[in-house]
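Close look at the chain arrangement
Listed here are the chains, written in short residue letters.
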Amino acid sequence: MICAPLAEPTLSQARRAMLTAAARADIVELRLDQLDEFPDADGLAALLKDRPCPVIITNRPASEGGKNAWPDEVRLKVLQAAIELGADYVDVELGFADRLKRRPSTKIIVSYHNFTLTPLDLPAIYSRIVRAGADVAKLATMANSIIDNLRMFEVLRHASVPCIGLCMGEAGMISRILGRKLGTMLTYAPLDPAKPTAPGQVSLDDMVGLYNYRSINSDTQVYGVIGNPIAHSISPHIHNAAFRSLGINAVYVPFKVEGDVCNFIEAFRGLPVQGYSITIPHKQDAMRAMDEVDPVCRSIGAVNTVANRKGRLVGSNTDWTAAIEAIERGLDGEGLPGKRVALIGAGGTARAIAFGLKAKGANMCIYNRTVDRAAKLAEEVGCEWRGLDEIERLEADIIANSTSVGMHPNVDATPVPRSALRPDTVVFDAVYNPVWTRLLCDAEEVGCPTATGLEMFVNQAVQQFKTWTGLEAPRELMELVASEKLAETAHH
Ligand code: NAP
């Protein structure tokens, strides 16, 4: 179930919000502690009468995140009134459950909140909740690390009474989505993302439209992108749309991993996760957690794709294949062997593309601002190198920019002056924010065939999808979603 938490200042506003929410959520939670004024019995009765959907009545003390500081007797009196009025659920904090008189028409949620951490003795807390007579046990604790979610998942896995288990905070965000796979009774998703009632909540729109929450069940396969930061990644949009369109029972979530990525990967082996995309800053370190990597991936020294093959984690790198595919399309049927490539940059992306071009037999020269880095990469790959200040004199069939020059906000910058572009040179730019960089616009004007960073991005997503599912990815859909999302997030 999806529960829309309502934190309104007056009962009449709560009533209106409830009508709106009922159209999209399965149940609403009325946070009475968020009211500006104490709710009178008649007002509460009117609210519950003819309610458009089931309701949870909650009235938190300040110590557990409530806004109002009403004395406990007063607070509990309102909850008791809600029970007498036949509210579907009343949520009461552990320690206060025995102060309410039960009625068969109302189920009691006994809840535990911890806004500081996810305690190690979570199972013991769960047992205390059950002993307190809970119809539904609720545990909401702060995740300080993404690994904390696993403790919550264990409680959900073994729960003997209906249980709502979630971790709060950005690190706990995945529990709000994946909890359904582990059997949580509901997730809280606000209608208005600007009005969350707890940290880390995912909006109702995203829960349904992006993460396909209603289709998640115990068989749902889990995929995700590991990075830091990761909140603005467009990969969840692309992969979830692809899963949905092919009717694949899978969900793709962002994994924000701070600290050692190998610890995360090891800890999450048991969930299990069927596949990862890996992005900055974890591509290199993640290699150590792999059971197997392909040879090009090993020479690049970075993994951006992980497939779980019956428990064995197999790492590969689609950055290079994705860039090469985009460049080859620009070549319009001609092969890369023997082609002169000016590869600009010596960072992570350049490294992946350089080893890819080498494997394809291209004749490469690496240009970089910091010449030592150009020399080092050129030595490893076995090719020429020069300083970026020599770019004007380049002689190449293909120019591939893998620096961040031209990326938002410096959209007027270009690593190659227009005067150095020839109409028969294929120009590829890895930058995708914006998609049409100054370099690519200059190249189009000069008449060069071009290949965009968006193509590379979609290529790698398509290749990852195939690696994981063995199926052809819905490329057009993925490209459409990627362009829409990039346009939305452009300049952020
Ligand atoms: P990185 O490892 O940090 O490398 C950055 C590169 O850019 C280095 O060569 C650096 O030169 C150069 N650079 C940065 N600022 C510069 C400036 N003002 N003038 C000249 N050179 C400059 O970054 P990365 O991960 O390789 O990413 C590079 C770009 O590729 C980013 O825009 C990223 O968004 C894009 N990318 C796209 C895709 C895709 O799918 N399309 C995938 C991955 C990355 P120095 O060595 O001199 O610092």
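Predicted model only: the values in this text are computed from it and were never measured. (Residues numbered from 1 in each chain as written. Predicted model: local features only at pLDDT ≥ 70, side-chain atom pairs only at ≥ 80, totals over all residues. Heavy atoms only, no water.)

Let us now look at helix α16 (residues 475-489). With 15 residues, α16 extends 21 Å from end C-alpha to end C-alpha; this agrees with the ideal 21 Å at 1.5 Å per step. Looking at α16, one finds that the buried residues are Met 478, Val 481, Ala 482, Lys 485 and Leu 486. All buried residues of α16 lie within an arc of 130 degrees about the axis, which places them on one face of the element. Along α16, the residues that are exposed and aim more than 90 degrees away from the buried face are Glu 476, Ala 487 and Glu 488. Residues of α16 that are buried make contact with α8 (235-245) and α15 (453-469). (Helix = DSSP H or I, 4+ residues; strand = E, 2+ residues; numbered from the N terminus. Expected span 1.5 Å × (residues − 1). Buried < 20%, exposed > 50% of the residue type's maximum accessible area, 1.4 Å probe, protein only. Arc of directions from axis to C-beta. Contact = heavy atoms within 4.5 Å.)

This brings us to the side chain of Arg 60. Here Arg 60 is to be found in the loop between β3 (55-58) and α3 (72-84). When its relative accessible area of 2% is taken as the criterion, Arg 60 is described as buried. The contact partners of Arg 60, leaving out residues within four places of it in the chain, are Glu 29, Arg 31, Asp 33, Gly 65, Gly 66, Asn 68, Arg 75, Asp 91, Glu 93, Ser 111, His 113 and Lys 138.

Around the ligand, the surrounding shell holds 22 residues, and the nearest of these are Gly 348, Thr 349, Asn 368, Thr 370 and Arg 373. Take Ala 346: an N or O atom from its main chain is 3.0 Å from an oxygen atom of the ligand. In the environment of the ligand, a nitrogen atom lies 2.9 Å from a nitrogen or oxygen atom belonging to the backbone of Ala 430. Here the ligand, which alone exposes 920 Å², has 76% of that area covered by the protein. When residues of the shell around the ligand are assigned to their parent elements, the largest contribution, three residues, is made by α15. (Near = heavy atom within 4 Å. Polar contact = N/O pair within 3.5 Å; in protein donor to acceptor, adjacent residues only side chain to side chain. Areas by Shrake-Rupley, 256 points an atom, 1.4 Å probe, with all protein chains shown as cover.)

A cis amide bond, omega 0 degrees, links Asn 228 with the succeeding residue Pro 229. Inspection of the secondary structure puts Pro 229 in the loop between β9 (221-227) and α8. One non-glycine residue with positive phi stands out, namely Asn 212, at about 55 degrees. Within the fold, Asn 212 resides in the loop between α7 (204-210) and β9.

The parts lose accessible area when they come together, and the size of an interface is often stated as this lost area. Partitioning the protein into domains gives domain 1 (2-218), domain 2 (235-317 + 460-491) and domain 3 (320-451). Computed from C-alpha atoms alone, the centre-to-centre distance between domain 1 and domain 3 is 53 Å. (Domains from an automatic or database assignment.)

Taking 1.5 Å of rise per residue, the 12 residues of helix α1 (residues 11-22) would be expected to cover 16 Å, and the 16 Å separating its terminal C-alpha atoms lies within 8% of that figure. Residues Leu 11, Ala 14, Ala 17, Met 18 and Ala 21 constitute the buried set of α1. The arc that holds every buried residue of α1, seen down its axis, measures 115 degrees, which confines them to one face. Where α1 is buried, its residues meet β1 (2-6), β2 (27-31), α2 (41-48) and β3.

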